Amino acid sequence: MKKIILFLLILFGFSPVFAAQQKWNIPDSSEVRKKLVEKWFEAPLSSVRMNLPEIYNNPAGEKFQVRLEESDTTYNIFVAPQTTIKVDVYSDLGKETKEQEVYPGDAPGSFVIIKDKKSEKILRIRYYFLKNSEVFIQFTPSGKTAFADLVIFGNYAARGVPTGVPFSTFYTASFEKVANITKYSIPWDYVKIEPNLYHSVLQMAAVIQEKLPHILFAPDAMYDENGDLVQIFNGKPFEQIQTEQGDTRLMLSSAGFIKWIADGLVEPLAGGKIKREPLLQETVQVKSTGLQGNLSQKYNLFFALDWIRNLSSAVISVYTGKTYKFNQSGVDVTINPFASTISNTGVENIVTFIENSGYSVGVLKSLLYVLANTEPGTFYFGAIRETDRTVTPEVKVFNQCVAFFPYFATDGSFNAYVFMNGRGISLEEFCNIYKDDFVYLTRVKSSEQFFPQ
């Protein structure tokens, strides 16, 4: 039987290595790189400068360009796969779209050696393997062996992980071999993408987008369990806002808006909306003395945090048919996937998650990327912790709510729909606006049975 299987593998040109390359679906330059060590990788810069860019084919017929690029302090040797882009060419006859061959240094399948100009020592070897080029694995020399780093949008999911193999191994190692060497030491589950797992996330986001023109932001407004427009904090009727258009739109505050999303999940199953009062239950205990205690007497410091915890717990209670309080429901996102981050001053150690504060918005994109991979089909309610610097002492307060719908597109690229205050904004815009703040996340399983009011 073993001989038959071996014969079939040989007959169809199939091997375990080829299977792994196909799994990642990236061009493999390992055979090409075996020809480049002396002339490109180990030659002095003065000699490499004499090399013109070269084109090589791998055994599968895929083209790679080898080239040198320099900066002030470093130089890079790229082995980059061919891709095509569409270019508009204008002439007297009008516009014509043509395909042009390019060799991006950060495309999936690209390999780069980064060297210091002064010492000519190798600083790192980097492999790009995903559509988002801000996600990569790299290797740095440590004596005769190599350390591995996995970087996700400027944050280290793994840093300085010993590989136990000579650094020179990575001159010619295929990506399949890289993954095999590090399979127990690198959190590959953070970056193994399956784009077909996000249908319900995308469907919910599409429904919300369709409804946005029918929503008007109104502070303190929400719809209660009876479908009545009320004030969040006291439950009294909310005075309908009159506009020149004679509005018939839904009136929703920041918190009311994400309750409207949750109601769209709950109502088809339970036949009613989520009750208002339980959403206001406190989830954070602070000492009555000290700064936090004194401030909590004047301000509702944790309103949005309480709201999203209780709201997510209410949804899971309906899903399971069992009543859960927030501390029993497992809705809080508390993972610590990053140990350090790349800042303007270098690499800094960080604590990703902080209790009752959440995550710095600076790591949010990286965090959502990891969550999209490890919890596919999930979306997240967020409570934004902002700092009021107009008072002394400063007040850190959770006032605003947001919803994140992270997903991977069919081409493997990452993105997230972001909804807050009755509108949609890009993830980049959100991170820029709240770059100095924190966001606390709770998880909710998405569903195709989503019918908001």
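As a reminder, the structure under discussion sits directly above these lines.
First things first, this report covers the structure right here in the doc. Since this is a predicted model, take the numbers as computed values, not measurements.

**Here's the deal with the overall build of the chain**
For step 1, the next point in the chain: Broken down by element type, the chain carries 14 helices and 23 strands.
For step 2, the next point in the chain: Within the chain, residue pairs in contact and separated by at least 24 positions form 61% of the contacts whose partners lie at least 6 positions apart.
For step 3, the next point in the chain: On the chain, roughly 23100 Å² of surface is accessible, and the fraction owed to carbon and sulfur atoms is 51%.
For step 4, the next point in the chain: The chain carries 45 positive and 48 negative side-chain charges, and their two centres are separated by 7 Å.

**Some details on the nonpolar core**
For step 1, the next point in the chain: In terms of nonpolar packing, the biggest core is built from 131 residues, with Phe129, Ile261, Phe404 and Phe430 touching the most fellow members.
For step 2, the next point in the chain: Sort the elements by how many residues they give to this core and strand 20 (residues 395–408) lands first, with 10 residues.
For step 3, the next point in the chain: One finds Val112, Ile114, Phe136 and Val151 within the second-largest nonpolar core, a separate group that totals seven residues.

**With respect to the sheet that holds strand 16 (residues 346–349)**
Within a sheet, each strand pairs with its neighbour through backbone hydrogen bonds, oriented either parallel or antiparallel.
For step 1, the next point in the chain: In spatial order, the strands read 1-2-3-6-7-8-9-10-15-16; together these 10 strands make up an open sheet with antiparallel pairing. This sheet does not close on itself; its edge strands, each paired only once, are strand 1 (54–57) and strand 16. The average undirected angle you get between the axes of adjacent strands in this sheet is 25°.

**What about the side chain of Asn421?**
For step 1, the next point in the chain: Here Asn421 lies in the loop between strand 21 (414–420) and strand 22 (423–425).
For step 2, the next point in the chain: Under the relative-accessibility criterion, Asn421 is labelled buried at 18%.
For step 3, the next point in the chain: A polar contact is formed between the side chain of Asn421 and the side chain of Gln400, at a distance of 3.2 Å.
For step 4, the next point in the chain: Contact partners of Asn421, with chain neighbours within four places excluded, come to Phe217, Ser254, Phe257 and Gln400.

**Remarks on unusual backbone geometry**
For step 1, the next point in the chain: Here the phi dihedral of Asn356 falls at roughly 60°; this positive angle occurs in a residue that is not glycine.
For step 2, the next point in the chain: You will see that Asn421, though not glycine, has its phi angle at about 55°, which is positive.

**Quick word on the packing of aromatic side chains**
For step 1, the next point in the chain: By the definition in use, this model includes 29 aromatic pairs.
For step 2, the next point in the chain: When the centroid spacing of 3.9 Å and the interplanar angle of 15° are considered together, the rings of Phe139 and Phe170 count as stacked. Taken together, the residues span a long stretch of sequence, with Phe139 in strand 8 (residues 135–142) and Phe170 in helix 6 (residues 169–172) at a distance of 31 residues.
For step 3, the next point in the chain: A residue is classified by how much of its surface remains accessible, and Phe139, at 0% relative accessible area, is buried.

**Let's talk about helix 11 (residues 303–320)**
For step 1, the next point in the chain: An ideal rise of 1.5 Å per residue puts 26 Å on 18 residues; helix 11 measures up with 26 Å between its terminal C-alpha atoms.
For step 2, the next point in the chain: With respect to burial, helix 11 is a largely interior element, 14 of its 18 residues being buried.
For step 3, the next point in the chain: Gly321 sits one or two positions beyond helix 11 and adopts a positive phi of about 75°.

**A few points about helix 9 (residues 254–270)**
For step 1, the next point in the chain: With 17 residues, helix 9 extends 24 Å between its outermost C-alpha atoms, agreeing within 8% with the 24 Å of an ideal straight helix rising 1.5 Å per residue.
For step 2, the next point in the chain: A large share of helix 9 lies buried, amounting to 13 of its 17 residues.
For step 3, the next point in the chain: Taken from the residues just after helix 9, Gly271 is the one with a positive phi, measuring 80°.

**Here we look at the environment of Phe167**
For step 1, the next point in the chain: Its place among the elements puts Phe167 in the loop between strand 10 (155–166) and helix 6.
For step 2, the next point in the chain: Sequence separation between Phe167 and Thr140 is 27 residues, and the spatial gap between their C-alpha atoms is 7.6 Å.
For step 3, the next point in the chain: Those residues within four positions of Phe167 in sequence are excluded, and the remaining contacts are Ile122, Ile125, Phe139, Thr140, Pro141, Lys144, Thr145 and Ala146.

**Quick look at the side chain of Thr442**
For step 1, the next point in the chain: Summarising the element assignment, Thr442 is placed in strand 23 (residues 438–445).
For step 2, the next point in the chain: Only 3.4 Å separates the side chain of Thr442 from the backbone oxygen of Ile308, close enough to count as a polar contact.
For step 3, the next point in the chain: In this structure the side chain of Thr442 is engaged in a polar contact, spanning 2.7 Å, whose partner is the side chain of Ser312.
For step 4, the next point in the chain: For Thr442, the contacting residues outside a window of four places in its chain are Ile308, Arg309, Ser312, Val331, Asp332, Val333, Phe379, Tyr380 and Phe381.

Rules used throughout
- Residues numbered from 1 in each chain as written.
- Predicted model: local features only at pLDDT ≥ 70, side-chain atom pairs only at ≥ 80, totals over all residues.
- Heavy atoms only, no water.
- Helix = DSSP H or I, 4+ residues; strand = E, 2+ residues; numbered from the N terminus.
- Contact = heavy atoms within 4.5 Å.
- Areas by Shrake-Rupley, 256 points an atom, 1.4 Å probe, with all protein chains shown as cover.
- Lys, Arg positive; Asp, Glu negative; His and termini not counted.
- Charge placed at Lys NZ, Arg CZ, Asp CG, Glu CD.
- Core = buried A, V, L, I, M, F, W, Y, C linked by side-chain atoms within 4.5 Å.
- Buried < 20%, exposed > 50% of the residue type's maximum accessible area, 1.4 Å probe, protein only.
- Pairing = 2+ DSSP bridges.
- Axes fitted to C-alpha atoms, helices over the stretch in contact; angles between N-to-C directions.
- Polar contact = N/O pair within 3.5 Å; in protein donor to acceptor, adjacent residues only side chain to side chain.
- Phe/Tyr/Trp six-rings, centres within 6.5 Å; stacked < 30°, edge-to-face > 60°.
- Expected span 1.5 Å × (residues − 1).

Taken by themselves, the reported measurements are silent on function.
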